[in-house]
Amino acid sequence: FYSIVFFLASQYIFSDTFDSIKGYWHGFGLILEIKECEEKFCAEIDHIFVSEGKNPMDVLDKNNQDKKLRSRTLVGSNMLFDFDKNPDSKGSFSGKIYNPENGKSYKAKIQLLENDALEIKGCVTVICQKAGEYDPNKHFQGWAFKIARFQMMKHLTNSKRNKIQFSTDLLEEV
């Protein structure tokens, strides 16, 4: 049950750089440049792959929590930031990842794997976003299912115009 409800997003991206996480990396439909940013590491979006005829510079940060930044292009924006220069005992670097789909940032870890792939892990699900609200003295599964139920109810409310809908009976069973 936890594997369905509690999910860590992991994306593997590859590079020709083998000795460091600094450099250019391809993944997420874009090219990132991981570089030093003052006392930390960050990753700036260098290029976004878009459909033919579309300009990557026209892809805006339209969901940013800061309304003033919604008109900026995503190219040149930091997707990864505040990463420590020194890895932990497992070889992971800790920092934050920005999700332009909802304009929020989350804790993340980066690790260079033995196959020279860069693994980026970050918690981006609703369960992870609400983790600070969880009371460890209560039953986790019940809390998680309650969040899932509210998400389905929200979806139902937002999709009333669609021809395909969840039945209220199905939502009550969940």
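Right, let's walk through the structure included here. Position labels on residues start from 1 in each chain and follow its written sequence. Restriction of local features to residues with pLDDT of at least 70 applies here, the model being predicted, together with a cutoff of 80 or more for giving and counting side-chain atom pairs; totals for whole chains, interfaces and linings are based on all residues. No hydrogens and no water enter the side-chain calculation; it runs on all heavy atoms of the structure.

## Looking at the state of the cysteines
- Disulfides are defined as pairs of cysteine sulfur atoms found within 2.5 Å of each other. Tallied over the full model, the rule gives 1 disulfide.
- With a sulfur-sulfur separation of 1.7 Å, Cys37 is cross-linked through a disulfide to Cys42.
- Each residue is assigned to one of three classes by its accessible area relative to the maximum for its type, calculated with a 1.4 Å probe on protein chains only: buried under 20%, partly exposed between the two thresholds, exposed over 50%. In this structure Cys37 comes out as partly exposed when scored by relative accessible area, which is 25%.
- Cys42 sits in the buried class, given a relative accessible area of 3%.

## Some thoughts on the pattern of salt bridges
- Whenever Lys or Arg places a side-chain nitrogen within 4 Å of a carboxyl oxygen from Asp or Glu, that contact is recorded as a salt bridge. Enumeration over the complete set of coordinates arrives at 7 salt bridges.
- Across the salt bridge formed by Glu44 and Lys35, the nearest N and O atoms sit 3.3 Å from each other.
- For Lys109, the salt bridge is made with Asp88, and the minimal N-O distance between the two is 3.2 Å. Here Asp88 lies in the loop between strand S5 (78-83) and strand S6 (93-99) and Lys109 lies in strand S7 (residues 104-112), a separation of 21 residues in the sequence.
- On the basis of relative accessibility, which here comes to 39%, the residue Lys109 falls in the partly exposed class.
- Beyond isolated ion pairs, a larger network of salt bridges with shared partners links Lys22, Glu36 and Lys85. Per the convention used, a helix needs a DSSP run of H or I reaching at least four residues, while a strand needs a run of E reaching at least two, with both numbered from the N terminus.

## Focus: the packing of aromatic side chains
- Think of it this way: a Phe, Tyr or Trp ring, Trp meaning its six-membered ring, pairs with another when their centres are within 6.5 Å, and the plane angle makes it stacked under 30 degrees, edge-to-face over 60, tilted otherwise. One pass over the structure, following the stated rule, counts 1 aromatic pair.
- Measuring from ring centre to ring centre gives 5.9 Å for Phe41 and Phe93, while their planes differ by 90°; the resulting arrangement is edge-to-face. Separated by 52 residues along the polypeptide, Phe41 in strand S4 (residues 40-48) and Phe93 in strand S6 bring together distant segments of the chain. The burial state of Phe41 is the same as that of Phe93; both residues are buried.

## Focus on unusual backbone geometry
- Phi is positive for Glu38, which is not a glycine, with a value near 60°.
- Tracing the sequence through the fold places Glu38 in the loop between strand S3 (30-37) and S4.
- The class for Glu38 is exposed, based on a relative accessible area of 77%.
- Of note in the backbone geometry, Asp82 takes a positive phi value of approximately 60° without being a glycine.
- Take Asp82: it is sitting in strand S5.

## Some details on the pairing of S3
- By this definition, two strands are paired if DSSP reports at least two bridges between them. Here 5 bridges tie strand S2 (residues 23-27) to S3, and the two strands are oriented antiparallel to one another. For Gly23, the partnering residue across the bridge sits in S3 and is Ile34.
- The hairpin turn running from S2 into S3, its antiparallel successor, is 2 residues long, and Phe28 in that turn takes a positive phi close to 60°.
- In this sheet, S4 lies alongside S3 in antiparallel orientation, the contact comprising 8 bridges. Residue pairing for S4: Lys35 is matched across the bridge by Cys42.

## Details of the nonpolar core
- The definition of a nonpolar core used throughout is a set of buried Ala, Val, Leu, Ile, Met, Phe, Trp, Tyr and Cys residues joined through side-chain atoms within 4.5 Å. Membership of the largest hydrophobic core comes to 23 residues, with the highest contact counts inside it found for Ile34, Leu80 and Ile110.
- Those elements that place two or more of their residues in this core are S3, S4, S5, S6, S7 and strand S8 (117-122).
- No other element matches the 4 residues that S4 contributes to this core.
- Non-local contacts of Ile34, meaning those with residues more than four positions away in its chain, are made with Ile21, Lys22, Gly23, Trp25, Phe41, Cys42, Ala43, Leu80 and Leu118. In what follows, a contact means two residues having at least one pair of non-hydrogen atoms within 4.5 Å.

## Notes on helix H3 (residues 140-158)
- Helices are assigned an expected span. That span is 1.5 Å times one less than the residue count. Over its 19 residues, H3 extends 27 Å from the first C-alpha to the last, a length consistent with the 27 Å expected when each residue adds 1.5 Å.
- Looking only at H3, the buried set comprises Phe140, Trp143, Ala144, Ile147 and Leu156.

Any functional reading would require information that these geometric values do not contain.
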